[in-house]
Amino acid sequence: MGTPSLSPWALLGLALVLVGLWAPCVLSRQPNFIVILADDVGWGDLGANWAETKETPHLDQLAAEGTRFVDFHSAASTCSPSRASLLTGRLGVRNGVTHNFAIASLGGLPLNETTLAEVLREAGYSTGAVGKWHLGHHGRHHPNSRGFDYYFGIPYSHDMGCTDTPGYNLPPCPPCPRHGTAARGARKDCYTEVALPLFENVTIVQQPVELGSLATRYAEEAARFIQRASDSGRPYFLYLALAHMHVPLSPPLPPAPGRGIYGASLSEMDALVGRIKEVADSHGKGNTLLWFAGDNGPWAQKCELAGRLGPFVGAWQRQRGGSSAKQTTWEGGHRVPALVYWPGRVPARRTSHALLSVLDIFPTLVALAGAALPLDRRFDGLDVSPVLFGWSDVGHKVLLHPNSGAAGKVGEIEALRLAQYKAFYTTGGATACDGSTGPAERHQPPLIFNLERDIQEQEPLDVASREYQEVLPAISRAYTRALQDIAADNVSVADYSQDPAAVPCCSVRHVGCRCHGAHGATLEPHVEKRTPRLCL
């Protein structure tokens, strides 16, 4: 018996049905977005990445239920530039943020830069930021002026102010002074004069911060935001920028034998992420994309309080002194863990080797929301939704790595990736655990490593080799085109000027800007944080 023929219109209808069944990006509603950014976390700090790590069962489960990206990179190797790039989709040489802002900074992320929160809010999203900001806190640089309806967190890194329980740092910093007494044994890199502030929107609700309860409060405020947004019926964007794993570390309980302070803190971070996933799933599993990533690699100077690099040890640099992690352009400085979880949309138990970046979060979420990118500027990030959905495993052809403090002018592009090849025009090591700092070196022609067979960056290609001579022209062309593209772009300039009047202070009448009764009083923390202290 013959097979009945189908008309062209019937075939078209069948094709459309099949496309509908197999196209998870055809969304019936705008999805929710949660971006969780860990601080100073190492690629090897996830058990899913590195078998030696045992403290991350929730993150490992997230990897099992979603997709793990093993060639994922921060856009810089230090705090402010990495965060600016996440929220703008642009490198620091374009958005103006090339190094960290200070507690007295007047400026921040330039106001003519459009943030992801601004685009999504315009598209109908409820937007919230919980955690570390570090993109300017004075005046219009505050998160509430940069597209976020709600903010709860610390305006910069939590080592940039004293606390009454300083936690673990190396070397340690003293607690905040009291009653006009000077801090004893203070070091030049400890903040002893101004206590660390905690904000809810533009109000300081605690100063100094109680570090031991900070993770719990972040989890609670994130859950409240998700609840409020879900009740409103609007899609939401939550940007959760964790204090973990930046020093000082303040694990809730003494570490179990053999785990150490870092391991205990890593477990706390893992539990926090697990709780956020649970809350998001409880408000409609399958409606929310959760993207976990790191802002840069571990701070090796902190020795046993720093994270695990995995195999990305930057051996060439280590042989010459200094660290090859945070602040450097070696893989350990910018290759970070990354997971994406979205039940029914993003394939489970998948490992992607696509070359991706924190820069891609902005254009990808904008596309998934059905919004449009600003037209008056160029972007370094890509819409990588085909990679998220498992349709492709191709990301960037070229990825640029800016200097982040270890060597060369900050923000300048002097390292780049082309396929499996990585070229360095400048190298240098940050301060290592032993106190050594690798010298800055210029390379012309560039050092080139083949990461496919030398992931440790141990032995650059011989300049006279056939492989080097074949790949150098392509690298040179890519480098020249990148610099020309940046020069032709609408580039911003950040204001890095400082004024003591910009330091967040809830009470100038008290030592260290201490809020009266903010610590040691009978008020419970959750009651106290609802008490207004200062509106900027």
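Look up: the structure comes first, before these words.
This section reports on the structure supplied with the text.

Quick notes on the rules
- Residues numbered from 1 in each chain as written.
- Predicted model: local features only at pLDDT ≥ 70, side-chain atom pairs only at ≥ 80, totals over all residues.
- Heavy atoms only, no water.
- Helix = DSSP H or I, 4+ residues; strand = E, 2+ residues; numbered from the N terminus.
- Buried < 20%, exposed > 50% of the residue type's maximum accessible area, 1.4 Å probe, protein only.
- Contact = heavy atoms within 4.5 Å.
- Areas by Shrake-Rupley, 256 points an atom, 1.4 Å probe, with all protein chains shown as cover.
- Salt bridge = Lys/Arg side-chain N within 4 Å of Asp/Glu carboxyl O.
- Axes fitted to C-alpha atoms, helices over the stretch in contact; angles between N-to-C directions.
- Parallel < 35°, antiparallel > 145°, perpendicular 65-115°, else oblique.
- Nonpolar A, V, L, I, M, F, W, Y, C, P; charged D, E, K, R; others polar.
- Pairing = 2+ DSSP bridges.
- Expected span 1.5 Å × (residues − 1).
- Bend = angle between axes of the 7 residues up to and from the residue.
- Core = buried A, V, L, I, M, F, W, Y, C linked by side-chain atoms within 4.5 Å.
- Disulfide = S-S within 2.5 Å.
- Phe/Tyr/Trp six-rings, centres within 6.5 Å; stacked < 30°, edge-to-face > 60°.
- Lys NZ or Arg CZ within 6 Å of the ring centre and 35° of its normal.

**Observations regarding the overall build of the protein**
Counting its regular elements, the protein contains 13 helices and 16 strands. In the protein, which comprises 536 residues, the proportion classed as buried is 59%. Sequence separation of 24 or more characterises 72% of the internal contacts of the protein that already satisfy a separation of 6 or more. When the accessible surface of the protein is split by element, carbon and sulfur atoms take 56% of a total near 21,300 Å².

**A look at the pattern of salt bridges**
Within this structure, the stated rule accounts for 28 salt bridges. In this structure, Lys 132 engages Asp 39 in a salt bridge whose closest nitrogen and oxygen atoms are separated by 2.8 Å. Note that Lys 132 is positioned in the loop between strand 4 (126-131) and strand 5 (150-153) and Asp 39 in the loop between strand 1 (32-38) and helix 2 (57-65), a separation of 93 residues in sequence. Judged by relative accessible area, which is 5%, Lys 132 ranks as buried.

**Points about the packing of helix 2 against helix 7 (residues 260-282)**
Between two packed helices, what matters for the description is the angle formed by their axes and the separation of those axes. Where helix 2 contacts helix 7, the axes come no closer than 7 Å and their chain directions differ by 45 degrees. What the angle tells us is that helix 2 and helix 7 run oblique. Of the residues in helix 7, those in contact with Pro 57, His 58, Leu 59, Leu 62 and Glu 65 of helix 2 are Met 269, Asp 270, Ala 271, Val 273, Gly 274 and Lys 277. Among the residues making up the contact of helix 2 with helix 7, the classes are represented as 6 nonpolar, 2 polar and 3 charged.

**Structural notes on the sheet that holds strand 16 (residues 441-450)**
Read from one edge to the other, the open sheet built from 4 strands follows the order 13-14-15-16, with strand pairing classed as antiparallel. With one partner strand each, in any of the chains shown, strand 13 (398-402) and strand 16 form the two edges of the open sheet. The mean inter-strand angle of the sheet, taken between neighbouring strand axes irrespective of direction, is 20 degrees. Here strand 13 pairs with strand 14 (residues 413-418) via 5 bridges, running antiparallel. By the bridge assignment, Val 398 is partnered in strand 14 with Leu 418.

**Details of helix 12 (residues 466-487)**
Taking 1.5 Å of rise per residue, 22 residues should cover 32 Å, and helix 12 covers 33 Å from first to last C-alpha, within 8% of that figure. Where helix 12 bends most, the angle comes to about 30 degrees, and this point is Leu 472, followed within four residues by the proline Pro 473. Listed as buried for helix 12 are Glu 467, Tyr 468, Val 471, Leu 472, Ile 475, Ala 478, Tyr 479, Ala 482 and Ile 486. Those residues of helix 12 that are buried are in contact with helix 4 (92-95), strand 13, strand 14, strand 15 (421-427) and strand 16.

**Considering the nonpolar core**
Grouped together as the largest cluster of nonpolar side chains are 57 residues, with contacts concentrated most on Ile 34, Ile 36, Met 269 and Phe 292. Going through the elements one at a time, strand 1, helix 2, strand 5, helix 6 (214-232), strand 8 (236-241), helix 7, strand 9 (288-294) and strand 10 (338-341) are the ones with two or more residues in this core. Those residues in contact with Ile 34 that lie beyond four places of it in its chain are Ile 226, Tyr 236, Leu 238, Ile 276, Ala 280, Thr 288, Leu 289, Leu 290 and Trp 291. Counting 51 residues, the second-largest nonpolar core is a separate cluster that includes Val 97, Ala 241, Ala 354 and Cys 506.

**Some thoughts on the state of the cysteines**
As used here, a disulfide is simply a covalent bond connecting the sulfur atoms of two cysteines. Across all of its chains, the model carries 5 disulfides by this definition. For Cys 162, the disulfide goes to Cys 176, at an S-S distance of 2.1 Å. Residues Cys 162 and Cys 176 share a disulfide whose torsion about the S-S bond is about 105 degrees; that sign makes it right-handed. Of this pair, Cys 162 sits in the loop between strand 5 and strand 6 (198-200) while Cys 176 is found in the loop between strand 5 and strand 6, placing the two residues 14 residues apart along the sequence. Across this residue pair, the class does not change: Cys 162 and Cys 176 are buried. For Cys 303, the disulfide goes to Cys 433, at an S-S distance of 2.0 Å. Classification of the bridge connecting Cys 303 and Cys 433 rests on its S-S torsion, roughly 110 degrees, and on that basis the disulfide is right-handed.

**With respect to the packing of aromatic side chains**
Tallied over the entire structure, the rule returns 17 aromatic pairs. Both rings, one in Phe 152 and one in Tyr 218, keep their centres 6.4 Å apart while their planes meet at 85 degrees; by these two values the pair is edge-to-face. Of this pair, Phe 152 sits in strand 5 while Tyr 218 sits in helix 6; the two residues are 66 residues apart in sequence, bridging distant segments of the chain. Like Tyr 218, Phe 152 is buried. Clustering of aromatic rings is evident, with ring pairs tying together Trp 133, Phe 148, Phe 237 and Tyr 239. It is Arg 320 that lies over the ring of Trp 316; its NZ or CZ is 3.7 Å from the centre.

Functional significance is not addressed by these values, which are geometric in nature.
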